[in-house]
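Each chain, letter by letter, is given below.
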Amino acid sequence: MLLALAIAVPAAAQETRGAIEGVVKDASGGVLPGVTVEAKNVSGATASTTTDERGIYRFPALPVGTYTIVATLQGFNTAQRTDVLLTIGQQLKADLTLTVGTVSETVSVRAEAPIVDVKKNAVSTTITAETIDLLPKGRDFLEALVGIPGINSVQRAGGIMIDGATATENRYVVDGMDITNLRTGASGKRVIVDFIEQIQVQRSGYSAEYRAATGGVISAISKSGTNRFRGEAGINYEGPTLNKKLQGNVRPTLNISTIDNETLEYVFPPRVHETSRVEPVFQVSGPILENRVWFFGGAAPMRNTQTRTVTWRSPNPNGPQTQTFKDEEKSDQYMYSVTAQLTNRLRGRFNGNNGRSDPGLPVPSFDAASGVSTANPLNFNPQPTLRTFGTADSYGGQIDWTATDQLFLNVTSGWYQENDFSAGGEQFKGTRRTFANSNLTYAAVPEQFRRASGFADNPVNTFNEKDANSRFNFNVDATTFRHWKGQHSLKVGVQYERLSNSVDEGQQFANIVFQWDRFRQPSAGGDPQRGTYGYYTVSRRFTAGDVTSHNVGIFLQDQWSVSDRLTFNYGVRTDRTNIPSYRPENPSLSFSFSEKIAPRFGLAYDLRGDARWKAYGSWGVFYDIEKLDMPRGLWGADRWVDYHYTLDTPDWASVDCADTEGSTGCPGRLIERLDRRHVSNELGNVLVDPNLKPMKTQEATIGLEHELSNIMSLGVRYTHKWLNKAIEDVGVLDPVLGAEIFYIANPGEGIGEFPIPGLPPTPKAKRVYDAVDFTFNRRLHNNWSLNSSLLFSRLWGNYTGLSNGQSETGRNSPNVTRAFDGLFMSYDSKGNATYGRMGTDMPVQFKALGTYMSPWGTSIGVDFRANSGLLHTTTMSYKSVPVPVEGYGDLGRTPFFNQTNLLFSHTFRLPRSMALNIQFNLDNLFDQDIVTAFDTSPYLNGNLSFPNDINDQSAFFRGFDYREVMAGIHARTPSLGNPDPRYGSGKGISFQSARSARVYARFQF
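Because the structure is predicted, anything quoted here is derived from the model rather than measured.

*Asks:* Requested: an account of the overall build of the protein chain, with residues and values cited.
*Replies:* Broken down by element type, the protein chain carries seven helices and 55 strands. Computed over C-alpha atoms, the radius of gyration of the protein chain comes to 31 Å, within 12% of the 30 Å expected from 2.2 N^0.38 for 1005 residues, which places it in the range of a compact globule. A principal-axis box enclosing the C-alpha atoms of the protein chain has dimensions of 115 × 60 × 55 Å. When each of the 1005 residues of the protein chain is scored for burial, the buried share is 56%. Taking the contacts inside the protein chain whose residues are at least 6 apart along the sequence as the reference set, 72% of them involve residues at least 24 apart. In the structure as shown, the protein chain presents an accessible area of about 40,700 Å², 55% of it carried by carbon and sulfur atoms. Averaging the positions of the 99 positive and the 101 negative side-chain charges in the protein chain gives two centres separated by 4 Å.

Encoded structure:
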């Protein structure tokens, strides 16, 4: 075991292959030892083994794909099973029967993978390239998943949401390499579906070898080569040329009349913005050495062109008042692999994936309803050349070695990096000076120094010198097969990853803001101060640092088949993780192996022994592997210091500082220095809880599956998932400095329980997900297939997860969302802690994916989805944080949502096995415009405030009528506290996206 641990395995290993096993018997049912069994892949690769004394054969790790299983034994006819489709992570059972033969004969049976796997308790779904090709979908591989039960793409959840968990709680793996973004936890790169062979989603009950994830695990495998040369050249197009007649109606904007500030009107914006997207796709694959080495390569250079016409609100001294801008976004992707069958027991694979992005030239922002831009026209005349480029590269290699029939070893290693950097901004380097107010009428200032409010002598000095994130992993596993009171498949492994981030982005030079003829009130109190002409502020807001951290995971698991009907899957994993400090003089934080022990247990039972009824269940503990967004923001990478000086000269252009942060060499007298980014882990601080515990969730699942026939099945599953602990920044407002100070804590515990003495505690973070889903699946047979599901769920608590879908719209900032940034946002106006149905809760979901393939080459794929609308909450602001004054969900839900997407495809067969395929994809086929959001703010302007609340904030928690509070504010200051007529009007402020079309033509050879 120590030897096995020393050579360990990653979560990546089992996410790139599957296993085939079975029993070989004679015609009377007796087991046959010593039978030679071969697994022949359509690529040409072959693996072989022999049956043991119980007639069992195993191929513990095979590349996914289609196989023929052949069994031979002297004196018996050869038996084979053809068209055995093996999917990611599958443990496929394929038994064979040998008959006594006197002549050379092969008994062939076409295989159908069991539609109910009676040994499996994990809930997972695998989508093959053939299925992806038949169904409507977007271009990224994640967009092919939304038809799976319990999986939704929700903006409030930050992306792909699995069983109530947000997008930043999943793990994203492509070709065995973890491409999860180190900072945000979302998918780190775009991978187009054309290059994908299979995608698997693990939703619940997955085993201990899977690296920590409090959501799900999404794994994709790219295509590989075969003994036959194949190629494809195609092009995707979507844009105004195609959509002029097919595109749906323009969605309106809800505006308030400027005449009376009460009347509401929908304004349909002019078509002043058009985009077109062209994406050629090239693929080629084949043998390097027949039956031994194969290759695959693909390229997809995408070009997205946008044209925007804007009308300047302010005068444009250097050009016309209405201008048209154009830019071209580029996004190129390359995927390639080499697969080698070195011997019948030794296989290897190398793969690479490179992405390059160029967002194009900046274009001015504009109001969609009118086409009017509030940007400064001087900043776009000429159009700036500054842009931020991006790279995303991953490389991986793996070796599978079947040492003996009882021992299998795997080694996997990989490297992934993404980097953003700026170019084209040389002319913007240097100090940036702006006017907070005009000095045009300030007589004391000579005329040559007068400028209007908002003037800037430098459009921008914000650049990304670099933001490089990288992950290196080295992993190995050992699997052994033993017999003791049944069959055991015992796996042990160690997983190592090295994470690093080197960043230098933001304002690269000083930013100076002039306050003409104004006083500065020091934050610490005292008399207002100014210079002869007012005062100015020097600041530089940027992110800089270089960190490295190391994580190690260990797991042990066993699949124990007590009998042909009962299987236990159980194991335990533990991780040692590190959260690095971006300032080396301050301590980092580590969680030890003992703090992240995660046991997992599951069972599967064949109710009748005929492999047609399966009952299953599982329970497990899951920990998060911490991302870098929290230490970047609060442990020294983010920097923002304001220096306030007296302004003693009218010559604003001469005002500069010796250093880029404004701390030395600035003219005038220093009034005060304010640090806007307190470093929580600074030595001497008590802002990081010394007893901090890692984020932890648990789940329990039970289910039942029934095979109606070899092509149809029914299933029902109940899932209960709950959050035990969260790590978040718990914020308080410093009344002296006016800045927020953040504790890193488990909300409601330790130093995060009472952030403000004398006031109620911070509520504990809670999230509870309960769901029952019903599924019906029909394989493609007689030219049609159907997969459908109906899910009823409840997502309750006060914390949506690492993406904030409650007080923010899907902000992907793990452990530093706005969820607990202020105590007041956790209570309503009655003084009650706010728990309830979450903003990402969708109680009813129905999905249906159907395909039909005609004999003459035409196919139709339909994706229909319907679900409950999202809850909306009345929200006001107090002490700079949002407050759910009526509790969660008081405004009810948006209307029930549904959408139908269609894919029409036709293939023209050409000579010499060539073909021309035309696909036409329509999203929102019926151009439905269902409301997706309402206004949630009762007032146009003004925040909640109470008498003496600077010194006594307890008035908030004693309960109050916010309408009376706002009426009092309005009476004292008529410009504040005006009602917002959009609130409670029942009129939507955003709508379902309009119908859009995309065409894809490809030539295959």
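Right, picking up where we left off after that structure.
*Asks:* Give me the lowdown on the side chain of Ser-789, citing residues and values where you can.
*Replies:* Of note, Ser-789 is situated in strand 43 (residues 784–797). Judged by relative accessible area, Ser-789 falls into the buried class, the value being 5%. The residues touching Ser-789, leaving out its near neighbours within four places in the chain, are Pro-149, Phe-774, Thr-775, Gln-845, Phe-846 and Lys-847.

*Asks:* With reference to specific residues and values, describe unusual backbone geometry.
*Replies:* The linkage connecting Asn-381 with the following residue, Pro-382, adopts the cis geometry, with an omega of 5°. With respect to the helices and strands, Pro-382 occurs in the loop between strand 24 (372–373) and strand 25 (387–404). Although it is not a glycine, Asn-924 adopts a positive phi angle of roughly 55°. In this structure, Asn-924 sits in the loop between strand 52 (914–923) and strand 53 (931–934). Here Asn-924 falls in the buried class, since its relative accessible area comes to 1%. In this structure, Asp-927 takes a positive phi of about 50° despite not being glycine. The residue Asp-927 is located in the loop between strand 52 and strand 53 in this model.

*Asks:* So what's going on with the packing of aromatic side chains? Residues and values would help.
*Replies:* Aromatic ring pairs are defined here through the distance separating the ring centres and the angle between the ring planes. Taken as a whole, this structure holds 37 aromatic pairs when the rule is applied. An aromatic cluster of three or more residues is present, and its members are Phe-435, Phe-455, Phe-514, Trp-516, Tyr-536, Tyr-645 and Trp-652. For the cation-ring pair, Arg-540 lies above Phe-542, with the distance from its terminal atom to the ring centre recorded as 3.7 Å.

*Asks:* Tell me what's going on with the nonpolar core, and back it up with residues and numbers.
*Replies:* Generally speaking, nonpolar side chains in soluble globular proteins are found buried as a group. By size, the foremost hydrophobic cluster in this structure holds 36 residues, and its most contacted members are Tyr-799, Phe-824, Leu-944 and Phe-956. Broken down by secondary-structure element, the contributors of at least two residues to this core are strand 40 (728–733), strand 41 (740–745), strand 49 (876–878), strand 50 (881–883), helix 6 (954–957) and helix 7 (962–972). With four residues, helix 7 is the largest single contributor of residues to this core. Apart from residues lying up to four places away in sequence, Phe-956 is in contact with Phe-824, Tyr-827, Asp-828, Tyr-878, Val-883 and Phe-946. In this structure, Met-177, Val-281, Phe-296 and Ala-300 belong to the second largest nonpolar core, which totals 31 residues.

*Asks:* Describe the sheet that holds strand 16 (residues 217–222), naming the residues involved and giving the relevant values.
*Replies:* Spatially, the five strands line up as an open sheet ordered 10-15-16-13-14, and their pairing is mixed. Pairing within the sheet leaves two strands with one partner each, and these edge strands are strand 10 (123–128) and strand 14 (177–178).

*Asks:* Mind laying out the confidence of the model for the protein chain, listing which residues take part and the relevant values?
*Replies:* Summary statistics for the protein chain give a mean pLDDT of 89 and a share of 95% for residues scoring 70 or more. By mean pLDDT, helix 1 (residues 2–7) is the weakest element of the protein chain at 34, and strand 30 (residues 511–516) is the strongest at 97. Confidence over residues 1–14 falls short of pLDDT 50; this stretch has 46 contacts with residues more than four positions distant or in other chains.

*Asks:* Go over the state of the cysteines, please, and point to the residues and values.
*Replies:* Counted by the stated rule, this structure contains one disulfide. Paired by a disulfide, Cys-657 and Cys-666 hold their sulfur atoms 2.0 Å apart. Measuring handedness by torsion sign, the sulfur bridge of Cys-657 and Cys-666 sits at about 115° and is right-handed. On the basis of relative accessible area, Cys-657 is assigned to the buried category, the value being 14%. With relative accessibility at 12%, the residue Cys-666 sits in the buried group.

*Asks:* Mind laying out the pairing of strand 12 (residues 159–162), listing which residues take part and the relevant values?
*Replies:* Every other side chain in a regular strand lies on the same face of the sheet, so the side chains alternate between the two faces. Both strand 11 (residues 151–154) and strand 12 contribute to a ladder of four bridges, which runs antiparallel. Bridging from a neighbouring strand, Asn-152 pairs with Met-161 of strand 12. Linking strand 11 to strand 12, which pair antiparallel, is a turn of four residues; within it Gly-158 sits at a positive phi near 80°.

*Asks:* Any chance you could break down a nonpolar patch on the surface for me, citing the residues and the numbers?
*Replies:* Taken together, the side chains of Ile-399, Val-411, Trp-415, Phe-472 and Phe-474 present a nonpolar region at the surface, about 400 Å² in accessible area. Those elements giving two or more residues to the nonpolar patch turn out to be strand 26 (407–423) and strand 28 (462–483). Turning to its location among the elements, Phe-472 is positioned in strand 28.

*Asks:* Can you break down the environment of Ile-218 residue by residue, with the values?
*Replies:* Residue placement: Ile-218 occurs in strand 16. On the basis of relative accessibility, which here comes to 0%, the residue Ile-218 falls in the buried class. In this structure the C-alpha to C-alpha distance between Ile-218 and Lys-25, which are 193 residues apart in sequence, comes to 37 Å. The residues touching Ile-218, leaving out its near neighbours within four places in the chain, are Phe-141, Leu-142, Leu-145, Ile-160, Ile-162, Arg-171, Tyr-172, Val-173, Ile-199, Gln-200 and Val-201.

*Asks:* Outline the pattern of salt bridges, listing residues and values.
*Replies:* For the coordinates displayed, the defined rule picks out 50 salt bridges. In this structure, Arg-767 engages Glu-169 in a salt bridge whose closest nitrogen and oxygen atoms are separated by 2.8 Å. Of this pair, Arg-767 sits in strand 42 (residues 767–781) while Glu-169 sits in the loop between strand 12 and strand 13 (171–174); the two residues are 598 residues apart in sequence, bridging distant segments of the chain. No difference in accessibility class separates Arg-767 from Glu-169, as the two residues are buried. Across the pair Arg-471 and Asp-178 runs a salt bridge, and its minimum N-O distance is 3.8 Å. You can see Arg-471 sitting in strand 28 and its partner Asp-178 sitting in strand 14, a full 293 residues away along the chain.

*Asks:* Kindly report on the environment of Ser-905, identifying the contributing residues and their values.
*Replies:* Within the secondary structure layout, Ser-905 lies in strand 51 (residues 897–910). The buried category is assigned to Ser-905, whose relative accessible area is 5%. In sequence terms Ser-905 and Trp-796 are 109 residues apart; their C-alpha atoms lie 42 Å from each other. Beyond its immediate stretch of four places on either side in the chain, Ser-905 contacts Gly-857, Thr-858, Ser-859, Asn-917, Ile-918 and Gln-919.

Cut-offs used in this document
Residues numbered from 1 in each chain as written. Predicted model: local features only at pLDDT ≥ 70, side-chain atom pairs only at ≥ 80, totals over all residues. Heavy atoms only, no water. Helix = DSSP H or I, 4+ residues; strand = E, 2+ residues; numbered from the N terminus. Rg over C-alpha atoms; globule rule 2.2 N^0.38 Å. Buried < 20%, exposed > 50% of the residue type's maximum accessible area, 1.4 Å probe, protein only. Contact = heavy atoms within 4.5 Å. Areas by Shrake-Rupley, 256 points an atom, 1.4 Å probe, with all protein chains shown as cover. Lys, Arg positive; Asp, Glu negative; His and termini not counted. Charge placed at Lys NZ, Arg CZ, Asp CG, Glu CD. Phe/Tyr/Trp six-rings, centres within 6.5 Å; stacked < 30°, edge-to-face > 60°. Lys NZ or Arg CZ within 6 Å of the ring centre and 35° of its normal. Core = buried A, V, L, I, M, F, W, Y, C linked by side-chain atoms within 4.5 Å. Pairing = 2+ DSSP bridges. pLDDT = per-residue confidence, 0-100. Disulfide = S-S within 2.5 Å. Patch = residues over 30% accessible without salt bridge, like charges linked within 9 Å, V, L, I, M, F, W, Y side chains within 5 Å. Salt bridge = Lys/Arg side-chain N within 4 Å of Asp/Glu carboxyl O.

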